[in-house]
Amino acid sequence: MNSDSVGSEGYSLLKDLRLEIEAKDATFSLCFWLYFTSFSTFPVTIIQQVYSDISESAPFLVIDDNKRIHLLPLLLLHEEAPDTGNINSWAEVPHATVDFKFPLEKWVHVECQVFPDYIQLRINGEIIGEKSLCSLLNEKSGSSDLKKLTLANVGGDGNSVQGYVHKFEIFPNISSTKDYHLKDPPLKLSIDESSVSEIEEESDGVWAVVGGKASCRRNFSLDVVLSDAFGQPVDKDNEVFASLLYADTRAPVENTTDDEAPLLASYDGIEFSSCERPSKLLLGRASFKLKISQLSSKCDNRFFLIRFCVPKLGNYPFLETYSHPIRCISRSRNTRLSTLVWKRSTAHNCSSVSQSSALDDGSLELQHSGHDAQANPLMKRFRFGQDKISVSVKTDPTTLEQPDEECNSHVQTANQVENEFPRSSDGKPANVNEAYDSPSDSESIGEGNSPLNSMASKRYPISDMTIFKYSLASLAERSLILKEIATSASDKEILELANHVSHYSGCSHHGNQILIAKKLIKDGTNLWKVMSPNNHHIPWENAVYEIQEQFMKIACCGSRSLSPQDINLLRRFTGCQEYLTQDNFEKLWCWLYPVAFTISRDWINPIWNSTSPKWIEGFITKEEAEASLQGPTGFQEPGTFVLRFPTSRSWPHPDAGSLVVTYVGNDYKLHHRLLSLHQIYGSGDKRVDMKPLQDMLLAEPELSRLGRIIRSH
């Protein structure tokens, strides 16, 4: 390859690929990484064999219209080599091929091994295909004919392919290429969608963000990861820049009428233009906390994109990444957005759910969770029986801003929540969203009706201020509030708090975490006292038995205990080493209790206890689930799925204890969906007679077969 065409990180355009070789005895090995952009079309000749002393040339490596890659014999050595310049001439020629559909926007390592009597093709280090060519040898040709052989991408196919190569090298010694693909793999920048927080995804896949004026806009956060071709984060000391673009033209979004930057980065509560404050990569990950000041309604209702890039590494498409299309709305609009479901006809309002209207066909509703593996950083550590706080702050609640901590799913596992919500005269849950409807896209928070006005005159044993404080609080602060309340409030008062927090927040499933608070804290306190009467740290091995016994009791799963892999995940999740501290235990318990509570539900319990097939393999991470859906040559067949509990959703997060489906979509990409089981099966006396969950999963058009988790022992 021409040195002038190689970038600073060893990347170059496919069209610039050109390398001359002198292959001894007609034997050589060609290795390189290949990347195609989403704009590429096929078929295409990747590499052409060109001979300087004659005018002939022929395809050497091609990708057909089905994205299958093929290695062709050399022109001068074999009588049936493909015709010059004809991309379709290879079809009748013996060639090495693989059952591998070449992906777009993903690095793939290609290795071509050429011998006089056969050819071999490797993809990602695996021997995929080979072809014997003994009968095709041209006796009139000798190895000397291979002098001055040039391998190049000469174009001329009339096809549009936008590709990049990395480490394009030729070796005369085949053995020297062993494990070569593991050395210096290329890089790729991507958004960790499991880290996305405070973003609502609509049914059309568009992200909805609350923005506008400073008094209205909300923070949303996500992580950008710089990883190698194997998906491993790469520790490079660089900065990632974020900018806001129009989705249709990818032109920069203008400043607001107040000359404020359209995209803002928040640091320590202070807002900066995102262009002025990039985020540093730390162990391959850059975290962003952003706000959008420009509204879509002020820009002809156009969608936005957020572009992330690392300028110091080069201007390459694989070193930049884009968010989903974004609709930025003001807070005065109805911000409870439609749920992303697989059957759009089954979409429900979060707090106005009819158990029969859209589920008569027995279809399964699945909801997207764009950040089902985000860590839950605790700003304060709450302790069972300690850290008392006061929640009776005397402040006018009408002056409080809307919460930045907004729920991002519609999962509800506590039956009491739905049964006890305020209902209208027809018996259906009251639609609290109606109070937020506004006829315009104005940013004035004084417009429209507010539940504050309609309920301001009511007083409950738990004050209105406590309700609003909880609704506005972060997850860490909510845990502290619930710890304070649960030690003294009655069951009725807890129920009232759940009802009103759900009402004020506009999303009923917030109440689930409140309803389980007393039992969670009580059981956790008692278990810790049993394990550590003196409140000292205890050996992990001694604690495991008690934790497992309590889990099985809560989950009602007498036939299935925790596996060694489940216990190991709990240990890694809590950061526990040889000894279990109280902090470790509290972190473990706030995740494990909601999971056990979910498993105890009669629509989950059978599939948890099922061993043949094993519908839920156990406690696994998002990364383990994704790895299980990838084979040596790429993703498994579309429709393959596994079930898991997100490891980052701990009490009192509204998604704590949720069940997630991770599956391979028809686009050969991985997807993660939350199950909205309460909307399918109903609750209490309102329970709907539905099919078993496993039957409903397999009936979904995007799910066809259960995958398996391959775990090391």
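Residues numbered from 1 in each chain as written. Predicted model: local features only at pLDDT ≥ 70, side-chain atom pairs only at ≥ 80, totals over all residues. Heavy atoms only, no water.

Across its full length, the protein carries 14 helices and 33 strands. Scored against the burial criterion, the 713 residues of the protein give a buried share of 56%. Restricting to contacts in the protein with at least 6 residues of sequence separation, those with at least 24 account for 72%. Carbon together with sulfur atoms contributes 47% to the accessible area of the protein, which is approximately 30800 Å² in total. (Helix = DSSP H or I, 4+ residues; strand = E, 2+ residues; numbered from the N terminus. Buried < 20%, exposed > 50% of the residue type's maximum accessible area, 1.4 Å probe, protein only. Contact = heavy atoms within 4.5 Å. Areas by Shrake-Rupley, 256 points an atom, 1.4 Å probe, with all protein chains shown as cover.)

It is worth spelling out helix α4 (residues 475-486) at this point. With twelve residues, α4 should reach 16 Å at 1.5 Å per residue; the first-to-last C-alpha distance of 16 Å fits that figure. Here α4 lies mainly inside the structure; ten of its twelve residues are buried. Here α4 has its buried residues at L475, A476, R478, S479, L480, I481, L482, K483, I485 and A486. Contacts from the buried residues of α4 go to α3 (464-472), α5 (491-505), α6 (510-515) and α7 (517-531). (Expected span 1.5 Å × (residues − 1).)

Moving on, we get to the pairing of strand β22 (residues 304-309). In terms of burial, β22 is largely enclosed, as six of its six residues are buried. Alternating positions in β22 separate into two faces, F304, I306 and F308 on one and L305, R307 and C309 on the other, with burial throughout. When strand β17 (residues 239-246) meets β22, the two strands line up antiparallel, connected through six bridges. Counted as the bridge partner of S243 is R307 from β22. Note that β22 and strand β23 (residues 320-322) share three bridges and pair antiparallel. Residue pairing in the sheet places C309 in a bridge with E320 of β23. (Pairing = 2+ DSSP bridges.)

Right, let's talk about the packing of aromatic side chains for a bit. Following the criterion strictly, the structure yields 28 aromatic pairs and no others. Ring geometry for F100 versus F102: centroids 6.1 Å apart, planes at 80°, classification edge-to-face. The burial state of F100 is the same as that of F102; both residues are buried. Counting every residue linked through ring pairs, the aromatic cluster contains Y11, Y35, W107, Y164, Y316 and F318. The ring of Y322 carries the charged tip of R250 above its face, separated from the ring centre by 4.0 Å. (Phe/Tyr/Trp six-rings, centres within 6.5 Å; stacked < 30°, edge-to-face > 60°. Lys NZ or Arg CZ within 6 Å of the ring centre and 35° of its normal.)

Extensive coverage of strand β4 (residues 44-51) is indicated by the burial of eight of its eight residues. As defined by bridge partners, β4 adjoins strand β5 (residues 57-63) across six bridges and the pair is classed as antiparallel. Within β5, the position partnered with Q49 by the bridge is A58. Examined bridge by bridge, β4 and strand β11 (residues 149-152) share four bridges and lie antiparallel to one another. Bridged to V50 within β11 is T150.

The strand order across the open sheet formed by six strands is β2-β11-β4-β5-β6-β7, and the pairing between neighbours is antiparallel. The open sheet has two edge strands, β2 (18-21) and β7 (96-101), and neither has a second partner. Along the sheet, successive strands turn relative to each other by an average axial angle of 25°, direction set aside. (Axes fitted to C-alpha atoms, helices over the stretch in contact; angles between N-to-C directions.)

Turning our eyes to something else, we now look at the nonpolar core. Looking at soluble globular proteins, one finds that nonpolar side chains tend to be buried together. Residues M531, F551, L580, F619, F645 and L697 are the most contacted members of the largest nonpolar core, which totals 71 residues. Core analysis: the next-biggest nonpolar cluster, separate from the first, contains 41 residues, V240, V253, L295 and F318 among them. (Core = buried A, V, L, I, M, F, W, Y, C linked by side-chain atoms within 4.5 Å.)

For the rest of this paragraph, the subject is the environment of S227. Along the chain, S227 falls in strand β16 (residues 220-228). As a C-alpha pair, S227 and P186 span 41 residues in sequence and 8.6 Å in three-dimensional space. Setting aside anything within four residues of it in sequence, one finds S227 in contact with P186, L187, K188, Q232, P233 and V234.

A cis amide bond links F42 with the next residue in sequence, P43, at an omega value of 10°. Mapped onto the elements, P43 comes out in the loop between β3 (28-36) and β4. Look at the link from W651 to P652: it is a cis peptide, with omega at 10°. As for its placement among the helices and strands, P652 is situated in the loop between β30 (640-644) and β31 (660-664). The backbone phi angle of E105 is positive, close to 55°, even though this residue is not glycine. Mapping E105 onto the fold places it in the loop between β7 and β8 (108-114).

Relative to the elements of secondary structure, P94 occurs in the loop between β6 (68-71) and β7. Overall, P94 belongs to the partly exposed group, its relative accessible area being 21%.

What follows covers the pattern of salt bridges. Under the criterion given, the structure shown has 18 salt bridges. In this structure, K622 engages E626 in a salt bridge whose closest nitrogen and oxygen atoms are separated by 3.0 Å. Pair noted here: K622 and E626 are both in helix α12 (residues 622-628), with a separation of four residues, about one helical turn. When sorted by exposure, K622 lands in the same class as E626, which is buried. Ionic contacts of the salt-bridge type, sharing partners, join the residues D192, D223, R285, K622 and E626 into one network. (Salt bridge = Lys/Arg side-chain N within 4 Å of Asp/Glu carboxyl O.)

This brings us to the packing of helix α9 (residues 564-574) against helix α10 (residues 582-600). One way to put it is that α9 packs onto α10 with a least axis distance of 9 Å and a crossing angle of 120°. Taken together, the axes of α9 and α10 lie oblique to each other. Considering how the two elements wind past one another, α9 and α10 form a crossing that is right-handed. Within the contact between the two elements, α9 uses L570, F573 and T574 and α10 uses N584, K587, L588, W591 and L592. Taken together, the residues that form the contact of α9 with α10 break down as five nonpolar, two polar and one charged. (Parallel < 35°, antiparallel > 145°, perpendicular 65-115°, else oblique. Left-handed = near helix turned anticlockwise from the far one by under 90°. Nonpolar A, V, L, I, M, F, W, Y, C, P; charged D, E, K, R; others polar.)

Read across the sheet, five strands follow the order β13-β16-β21-β18-β19 without closing on themselves; strand pairing throughout is antiparallel. A single partner strand is all that each edge strand has here, and the edge strands are β13 (187-197) and β19 (270-273). When the angles between neighbouring strand axes are averaged without regard to direction, this sheet yields 40°. Of the strand pairs in this sheet, strand β18 (residues 263-267) and β19 are connected by four bridges, and their pairing is antiparallel. Residue Y267 lies in a different strand from β19, and its bridge partner there is I270.

Before going further, it helps to examine the packing of α3 against α4. For the pair α3 and α4, interaxial distance at closest approach is 9 Å and the crossing angle is 150°. You can see that α3 and α4 cross each other, and the crossing is left-handed. On the side of α3, the interface is formed by T466, K469, Y470 and S471, while α4 contributes R478, I481, L482 and I485. Along the lines of polarity and charge, the residues of the contact of α3 with α4 split into four nonpolar, two polar and two charged.

What follows is about the confidence of the model for the protein. Caution applies to low-pLDDT regions: their predicted coordinates should not be interpreted in detail. Per-residue confidence for the protein gives a mean pLDDT of 75, with 70% of residues at or over 70. Counted against residues more than four places away or in other chains, residues 2-7, with its pLDDT under 50, gives eight contacts. Taken together, the stretch residues 332-365 has pLDDT below 50 and engages in 115 contacts with residues farther than four places along the chain or on a different chain. (pLDDT = per-residue confidence, 0-100.)

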